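Secondary and tertiary structure notes
These are the residues of each chain, in order.
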Amino acid sequence: MEITGGPRGRLLVIPFLLFAAVVFASYPARAFYLPGVAPRDFQKDDDLQVKVNKLSSIKTQLPYDYYFLDYCKPEAIKNSAENLGEVLRGDRIENSVYNFKMRRDESCKVVCRPKLSAEAAKNFKEKIDDEYRVNMILDNLPVVVPRQTREGSQAPGFEHGYRVGYKLKDDKYYINNHLSFKVLFHEDLNSPDARIVGFHVIPSSIKHEYGAWDDKNPSVQTCNANTKITPGSHTPQEVAPDAYVVFSYDVTFEASDIIWASRWDVYLLSSDSQIHWFSIINSLMIVLFLSGMIAMIMMRTLYKDIANYNQLDNQEEAQEETGWKLVHGDAFRPPVHSGLLCVYVGTGVQFFGMTVVTMMFALLGFLSPANRGGLMTAMVLLWVFMGVLAGYTSSRLYKMFKGNEWKKITLKTAFMFPGIIFGVFFVLNALIWGEKSSGAVPFGTMFALFLLWFGISVPLVFVGSFLGFKQPAIEDPVKTNKIPRQIPEQAWYLQPAFSILAGGILPFGAVFIELFFILTSIWLNQFYYIFGFLFIVFVILLVTCAEITIVLCYFQLCSEDYHWWWRAYLTAGSSALYLFAYAIFYFFNKLEITKLVSGILYFGYMLIISYAFFVLTGTIGFYACFWFVRKIYASVKID
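Structure report, in brief. (Residues numbered from 1 in each chain as written. Predicted model: local features only at pLDDT ≥ 70, side-chain atom pairs only at ≥ 80, totals over all residues. Heavy atoms only, no water.)

**Focus on the pattern of salt bridges**
Rule in force here: Any carboxyl oxygen of Asp or Glu within 4 Å of a side-chain nitrogen of Lys or Arg constitutes a salt bridge here. Counting from the N terminus, the helices are the DSSP runs of H or I reaching at least four residues and the strands are the DSSP runs of E reaching at least two. Whether a residue is buried, partly exposed or exposed follows from its accessible area with a 1.4 Å probe, protein chains only, as a fraction of its type maximum: under 20%, in between, or over 50%, in that order.
Per the counting criterion, the structure on display carries 15 salt bridges. Of the charged contacts, one joins glutamate 159 and arginine 133 as a salt bridge, the two residues approaching to 2.7 Å between their closest N and O atoms. Note that glutamate 159 is positioned in strand S8 (residues 157–160) and arginine 133 in strand S5 (residues 133–138), a separation of 26 residues in sequence. Overall, glutamate 159 belongs to the partly exposed group, its relative accessible area being 30%. Overall, the relative accessible area of 13% leaves arginine 133 in the buried class. As a salt-bridge pair, arginine 485 and glutamate 560 come within 3.4 Å of each other at their nearest N and O atoms. One end of the pair, arginine 485, is in the loop between helix H11 (443–470) and helix H12 (496–503); the other, glutamate 560, is in the loop between helix H14 (531–558) and helix H15 (565–573), and 75 residues separate them in sequence.

Rendered as structure tokens:
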């Protein structure tokens, strides 16, 4: 969508987007999204092929390929096309032995009878212990298991995927070898075509009885084409070495009133939507109230200070008021490690650009969950192309600090943050590889990431840096003294450590409620698609990071401490410490991870997320303070 009409036209779009965000957030159960794939029409007896995705567990967070276990295999296993996001998430879409005919019910369909080896039985038992679930896909819809809902809840409840099996008190393991599928379809009143709008399954464990086995025409005595199996009506199938396991399934087709455009609602439905809505509104009101008070106090105080300074005739009277004007000759003195600050600010702008564009695409519905891996792919590609902003920002700021080694700063901008992230990611990927998990990124994909990094991102950083360094240097509103002014002793509450840590509380308070839902979707295998809420929280985060940094920077300058550059960045960025602390709390209170490797993976990925959050919020705080300091010193008369 192209926005035209000049600056005023662009400003008019902002309230519209905010209104759209509120509207979308008001209906979390029916979030606005574009389907991502074209609808498919099926006629009676058309072939329907069930695809298998992966084995997933919230206890280990290690996905495995479906055929890692000794399930029935087709004659030739074919992988569906995978995008970058699917590979990074560990998704492997493959064909299976479960094939249906549209709108034709089948009962007691036998597919195969493998003999479990000792290794196969061991793998099944381990996956049952770790509560692994099997994920399947039909017409791009993930399979769900209906579950009982809580009293008073009218919305149906579903679980993603079905369990591999279960363990009883007798310490014996039983495999879910019979699947009762239900396919929901929506009929077209004007044609014989129909569209699939639901894919349900009820798993069962059945020890099938049979006589002489015929691989070409398998049949069992436990059921026949005229009977339907109900869970618990037969002896369960135990997992044991050298045991024969007969896999079978039923399929029924049922007409539904659900239209194709709303078929994903069951996956996007939040069971805690009322709590979510109340919490977000509560957080929004508190943060907006505090932000309004802070803004009002700052505006009144600053206007009074500036009016007094411009009316005073001698410096002694000014010194009696406050001290921020006294450090005008040092306020724009380049900080220590100014090059490193430029690198972090440039990286933060790159991350901010990626976040905003991704958020807008998600808010407008282009990143549909039906487009598997689309969100991850969009974030990686946007990060790469936003490298031009990182180079431009870092070199422009570096030139303001009167630096002349812009190529060195550009190299650091291009390699520092991505290098740290890639180093942690490589170690975590090695651990996943050691566990033989499908979540390990293949070497081919790793090479593709290197190409994106070195072939596109790095050159774009250099292009942006070259353009930024060619621009005229940003001029300071006041001249800097040659001799640095001595900083008086500071009160305990103005010490850098206390001020920085206190500054991160409010930004974290603006996001921690939404953070709970985001962590739940990531680590508990749920879909997150309430981007209206996320957009509102992101706007609140921007405002609170900016305002708390400005307030603390003002107090710092009033106490005649002019080392504000790094402190402005760290004040807002310290909210990442609280984010990581909350991740620790979430790990011990919400997750059931017991394996060491899984715990390392959790904290490794949360460390990456916290580091990225630090860079983003720190840059927001820095630019807010940068604008504020330039504004106040440009508004007073300096003798």
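**A short note on the pairing of strand S14 (residues 247–255)**
Just so we agree on the cut-off: Strands are labelled as partners when DSSP assigns at least two bridges between them.
Within S14, 7 of the 9 residues are buried, leaving the element largely enclosed by the surrounding structure. Both strand S4 (residues 106–112) and S14 contribute to a ladder of 4 bridges, which runs antiparallel. Across the sheet, residue glutamate 106 finds its bridge partner in S14, namely valine 251.

**Looking at the state of the cysteines**
Let me state the cut-off plainly: Note on terminology: disulfide denotes any pair of cysteine sulfur atoms within 2.5 Å.
Per the counting criterion, the structure on display carries 2 disulfides. Shown here is the disulfide that connects cysteine 72 with cysteine 112, its sulfur atoms set 1.6 Å apart. Residues cysteine 72 and cysteine 112 are joined by a disulfide whose S-S torsion is about -70°; by sign, that bridge is left-handed. Remark: cysteine 112 occurs in strand S4 and cysteine 72 occurs in the loop between strand S2 (64–65) and helix H2 (84–89); sequence separation between them is 40 residues. Per residue, the accessibility class of cysteine 72 equals that of cysteine 112, and both read buried. The side chain of cysteine 108 participates in a disulfide bridge whose partner is cysteine 223; the two sulfur atoms lie 1.7 Å from each other. Torsion about the S-S bond of the cysteine 108 and cysteine 223 cystine: about 60°, corresponding to right-handed handedness. Within this pair, whereas cysteine 108 is found in strand S4, its partner cysteine 223 is found in the loop between strand S13 (194–204) and S14, the two being separated by 115 residues in sequence. You can call cysteine 108 buried: its relative accessible area is 12%. A relative accessible area of 5% places cysteine 223 in the buried class. Among the cysteines of the protein that take part in disulfides, numbered as they appear in the sequence, the pairing is 1-3, 2-4.

**Points about the packing of aromatic side chains**
Condition: Pairing of aromatic side chains requires ring centres within 6.5 Å, counting the rings of Phe and Tyr and the six-membered ring of Trp. Pairs whose planes differ by under 30 degrees are stacked, by over 60 edge-to-face, and all others tilted.
The final tally for this structure, using the stated rule, is 57 aromatic pairs. Residues phenylalanine 622 and phenylalanine 626 carry aromatic rings whose centres are separated by 6.0 Å and whose planes lie at 5° to one another, so their mutual orientation is stacked. Of this pair, phenylalanine 622 and phenylalanine 626 both sit in helix H17 (residues 596–634), 4 residues apart, roughly one helical turn. Owing to a relative accessible area of 9%, phenylalanine 626 belongs among the buried residues under this scheme. Put simply, the rings of Tyr344, Phe351, Trp383, Phe417, Trp566, Tyr569, Tyr611 and Phe614 touch in pairs and so form one group of aromatic residues.

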